[in-house]
Every structure is written in C-alpha cells, then in structure tokens.
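What follows is each chain in one-letter form.
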Amino acid sequence: MHKHNKQRNDVGNSPAPAPSPLPRFGVNPVQSGVFNILSFGAKGDGVSDDSKALLAAWKTACKVTGAVVEIPSEFKFVIKPITLQGPCMPHLVFQIDGTILAPPKVGSWPKSSLYQWIDFKWLYNFTIQGKGTVDGQGSNWWSSSQINPLQKKRSKIIPDMKPTALRFYASYNVTVRDIRIIDSPLCHLKFDNSEGVKINNITISAPESSPNTDGIHLQNTKDVEIQHSNIACGDDCVSIQTGCSNVHVHHISCGPGHGISLGGLGKDKSIACVSNIKVENIVMANTLYGARIKTWQGGLGSVKNVTFSNIQLSEVKVPIMIDQYYCDKNICKNQTGAVAISGVKFDQIIGTYSVQPIHLACSNSVPCVDVVLIDIQLKPYPGCAGIQQALCWNSYGKSQAPLVPSSMDYCVRSGNDLLKRISRSYDDRC
C-alpha cells in the first residue's frame, strides 16, 4: 500500500495540464472503514489508468461490514471496463464524490468488454451514493453509429455493440442516489435479474441525438422505486422490459428522450411478463412519446395492472401510446399472436402535443381490455403543423370526462366477457 507522501509526488508530476489537488486525508483506511482509491495507488489525474487501484480497494472493502470505497472529490479517475462483484459483507457503500471516466477511445475497449463498462454482480445491501459524476465519454461511440454499414465493416475499431455505463446483475437491496451519470455509449443505468432497487435524486444526461442511450433500463427485476430524479437522453428515460413487476416511478423530470416505456415486448415470439407498474407525478418536455407500451407481433405473455397518472407534458409528439405493432425496421412480418394487455389506466395526462394526442393500436387477434382513460387534456403545441387525429383500434374499457381533444371520446369501447377470455388465454404463460 502506498504512503500518502509518495502519492502526492505522483500527482504533482502528472502529465495533466494542471496538478490535481492534494488529498486531505491521512487516516489509515482499514481502521476507519473507508477505503480511498488514492490509498491503493490511483493517480486521479484524468489520464492514468486507475482500474487496478479501484479493484484493489473494492476487494479489500468487500471483506469488511459497512465499508466505504471512496472516489474522492476533485480528482478524475480513468477506469477501464471492470467487474466489481460480491458476495461482499453487508452494507458496502461506493462513495462517488469525484469523477469516474470511461476510456474515451472506442478502439481501446477489449472486444470482450463491450456489453458494459462497470459491472456490479452478486451484491446484497449495497449503496452507490455521492455528489460525483460517472462519465461514459460516449461521443465517439455515437458518431460511429452514423457511419454507413460498408464503412463499419471495413473498420476494425468500430464495434456494433456499445457498452452500458453501470449495470447490476443478480443483486438485491441496491440503492443508487445523488450521483450524476452522463454521456454513456449506450444505456446509462441497467438492472438485470435483481430485486429491491431504490433510485433517488440522480441525474442522467446525454444529448437528444445520442442513439439508444436509455436512462434507466429494467429487465427481470422486481420491487423497484425510482424517484425525484432528472433524466435527459436519446432514448427512453425509463425502459421497463420483460420480467419486471412491482415498479413505482414517481417525481421524475424526463426530456429530451423517448418518454417512459414498457417494452418492446415479445420479440421473436418470446414470452413477456410485466405487471404492477405505477408511473405518476412526472414532467415530460420535448420527448418523442409520453406514456408508452410497445409490443412485437407474435409475442406471448401479458402486460397487466399498469397506471400512468398525473403526467404534465410540454411539446410531446405522442403523449399516450399502446403499440402492438412495434417494429424497429422498415417492414416487419404480420403475425396473429400478441402479448395480452389488460388493466391499463391513463389518468390526468395534461399538456401539449406536436403530432398526435393518443395512439392505441391493439392487436387484431388479442384486444386490449380494461383500458381506462380519465381526465385527459391534450392540446396542440402552438405552431405545430400536420397534427393527426387520435388513433384508437381494438381497445376496450371505459373513459371519464374531461377528454380533450374530442376525437378521444370513442377511443375505448365497452368490453365484454368474451374479449376478456380471449385476452386471458394469451396471458397463461405468465
């Protein structure tokens, strides 16, 4: 372990334009339970590779109950793709007060590490917190997306896969709070096969033009609360995929981006199961969509018990959408099966739109049932041309005034038991 006076000399001789500030600590990290990355040989100059120091601090802290892995303020640490895994002793904290930087050059990433940048695995009772920033430095990745396929094929340094910034796998009782995550090459914060997730007061930021940079992505994850956060990105602010249940998203500012979405679900005739989702007290500005459910034709399973309520909109292209004909290319094959959608409520969706107020395109073979529209007040954004009428197809349920524009009056038809039985027959896989 390096002494701090040696570390000061290293920082002072850094090739960075200006020397980083000296560390303001001198306590033995083992005795205090705080494992500062600088004490494990990190330079923090924004140039040197500090990955080994972070891994050493992590492995040491992992063995101590209530330990803190500290990324100190006023330093910048370049970290290459890394896996920080457990099981660890409980109540481990990753304290990010400085800046963590991804490698900026696309060609420097190993091909085996293109799925995620910082990968957290098998953790229990774990917290990420702090006033610092996780910077994915994604601009070079985004620009490579604009290159035509022939050029990309000839190039050996531009991979098709792009990494997610922070990814959790098989982790339980995880909290992420207060930090900033910016400019990820792909998704910013992802949870796979996890349970008991709390996200509070974080900021996610990437340009509107950055492709596929979802804010928060959930998959096969349940018992989630996402609250009091600001998300601006180039794709869904929150994306909820198959295997998710008991998800509560509230007091979120979203935009720019693609809104808050469930799906796409059921791709390649797969089984999708999503239930008990509540999205409320949301502000959306300059987003592509607002509250959206999207499924592929031919899928199986169900989406049920979903509520979108008290959503304030400004210049959202399509505020309310159920799309059971989702297709991310020019032409998709027509198929008869569909993920069954039932028990979806849109309540107090108020504001302005720029293309179409509502788009309910339910499957021909599997109608949407128990769809409820209450207090929907949507007006064209001033100056927008080419406004489309509400589109409503094969959706059944009930509505309650006010409904503005009036083209929504017949969006949901009175359902019957036969339709519900048809829907439930496709729901049996969940």
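The coordinates are above.
This write-up is about the structure you can find in this document. Just so you know, these numbers come straight off a predicted model, no measurement behind them.

Criteria and cut-off values
- Residues numbered from 1 in each chain as written.
- Predicted model: local features only at pLDDT ≥ 70, side-chain atom pairs only at ≥ 80, totals over all residues.
- Heavy atoms only, no water.
- Core = buried A, V, L, I, M, F, W, Y, C linked by side-chain atoms within 4.5 Å.
- Buried < 20%, exposed > 50% of the residue type's maximum accessible area, 1.4 Å probe, protein only.
- Contact = heavy atoms within 4.5 Å.
- Salt bridge = Lys/Arg side-chain N within 4 Å of Asp/Glu carboxyl O.
- Helix = DSSP H or I, 4+ residues; strand = E, 2+ residues; numbered from the N terminus.
- Pairing = 2+ DSSP bridges.

Right, let's talk about the nonpolar core for a bit. Of all hydrophobic cores here, the largest spans 101 residues; its most connected members are Phe94, Phe120, Phe126, Leu189, Phe308 and Phe346. Apart from the residues lying within four places of it in its own chain, the contact partners of Phe308 are Ile260, Leu262, Val279, Ala291, Arg292, Ile293, Lys345, Phe346, Asp347 and Ile349.

For the structure on display, the rule yields six salt bridges. Between Arg167 and Asp192 there is a salt bridge whose closest N-O contact spans 3.1 Å. One end of the pair, Arg167, is in strand β11 (residues 164-169); the other, Asp192, is in strand β14 (residues 189-192), and 25 residues separate them in sequence. For Asp192, a relative accessible area of 8% puts it in the buried group. Note that Asp236 is salt-bridged to Lys294, the shortest N-O span being 3.7 Å. Placement of Asp236 in the loop between β18 (222-232) and β19 (238-240) and of Lys294 in strand β23 (residues 289-295) is noted, with a sequence separation of 58 residues between them. This pair shows no difference in class: Asp236 is buried, exactly as Lys294 is. Through salt bridges with shared partners, a single network forms among Asp119, Arg167 and Asp192.

Another point: the pairing of strand β25 (residues 318-323). Of all six residues in β25, six are buried; the element is thus mostly enclosed. Relative to β25, β23 is paired through five bridges, and the arrangement is parallel. The partner of Ile293 across the bridge, within β25, is Ile322. In this structure, β25 lies alongside strand β27 (residues 358-361), joined through four bridges in parallel fashion. What sits directly across from Ile320, in β27, is Ile358.

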